[in-house]
Amino acid sequence: DNIFLTNSATNAISMVLQGLLDSNTMDAVMIPIPQYPVYSALIAKMGSHHVGYELDESLNWAVSREELEKKLELSQKEGFCVKALAM
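Residues numbered from 1 in each chain as written. Predicted model: local features only at pLDDT ≥ 70, side-chain atom pairs only at ≥ 80, totals over all residues. Heavy atoms only, no water.

### Let's talk about the side chain of Ser 48
If you trace the backbone, Ser 48 turns up in the loop between helix H2 (38-45) and strand S2 (49-54). The exposure class assigned to Ser 48 is buried, which follows from its relative accessible area of 8%. A polar contact is formed between the side chain of Ser 48 and the backbone oxygen of Asp 22, at a distance of 3.4 Å. Ignoring any residue separated from it by four or fewer positions in sequence, one finds Ser 48 in contact with Leu 21, Asp 22, Ser 23, Asp 27 and Ile 43. (Helix = DSSP H or I, 4+ residues; strand = E, 2+ residues; numbered from the N terminus. Buried < 20%, exposed > 50% of the residue type's maximum accessible area, 1.4 Å probe, protein only. Polar contact = N/O pair within 3.5 Å; in protein donor to acceptor, adjacent residues only side chain to side chain. Contact = heavy atoms within 4.5 Å.)

Given below as structure tokens:
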């Protein structure tokens, strides 16, 4: 097992995104709406894109499989290459 220590959640998220995304491409990450703002800020800073998916309050702020599949399909039609899903 590997354990990676960082000095903040922001730095940990940044390290993961840097390993996944190519800057100035159509790479994308699916992120929840509402979201932790650092996701969209770091993704934009890296020259990539985010695809928002809606959390459902009636499901205790969960997301349905249908919502994820719909957003993934739409993003692919727009030419994005989704590399990750932030939960």
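### Examining the pattern of salt bridges
Scanning all chains against the criterion turns up 4 salt bridges. Between Lys 83 and Asp 27 there is a salt bridge, and its shortest N-O distance comes to 3.5 Å. Taken together, the positions of Lys 83 in strand S3 (residues 81-85) and Asp 27 in strand S1 (residues 27-33) put the pair 56 residues apart, joining distant regions of the chain. A relative accessible area of 6% places Asp 27 in the buried class. (Salt bridge = Lys/Arg side-chain N within 4 Å of Asp/Glu carboxyl O.)

### A word on the packing of helix H1 (residues 9-20) against H2
Their axes nearest at 10 Å, the elements H1 and H2 cross at an angle of 40°. In terms of orientation, H1 lies oblique with respect to H2. As for how H1 packs across H2, the hand of that crossing is right-handed. Of the residues in H2, those in contact with Thr 10, Ile 13, Ser 14 and Leu 17 of H1 are Val 38, Tyr 39, Leu 42 and Ile 43. Taken together, the residues of the contact of H1 with H2 break down into 6 nonpolar, 2 polar and no charged. (Axes fitted to C-alpha atoms, helices over the stretch in contact; angles between N-to-C directions. Parallel < 35°, antiparallel > 145°, perpendicular 65-115°, else oblique. Left-handed = near helix turned anticlockwise from the far one by under 90°. Nonpolar A, V, L, I, M, F, W, Y, C, P; charged D, E, K, R; others polar.)

Spatial relationships are all this shows, so hold off on functional conclusions.
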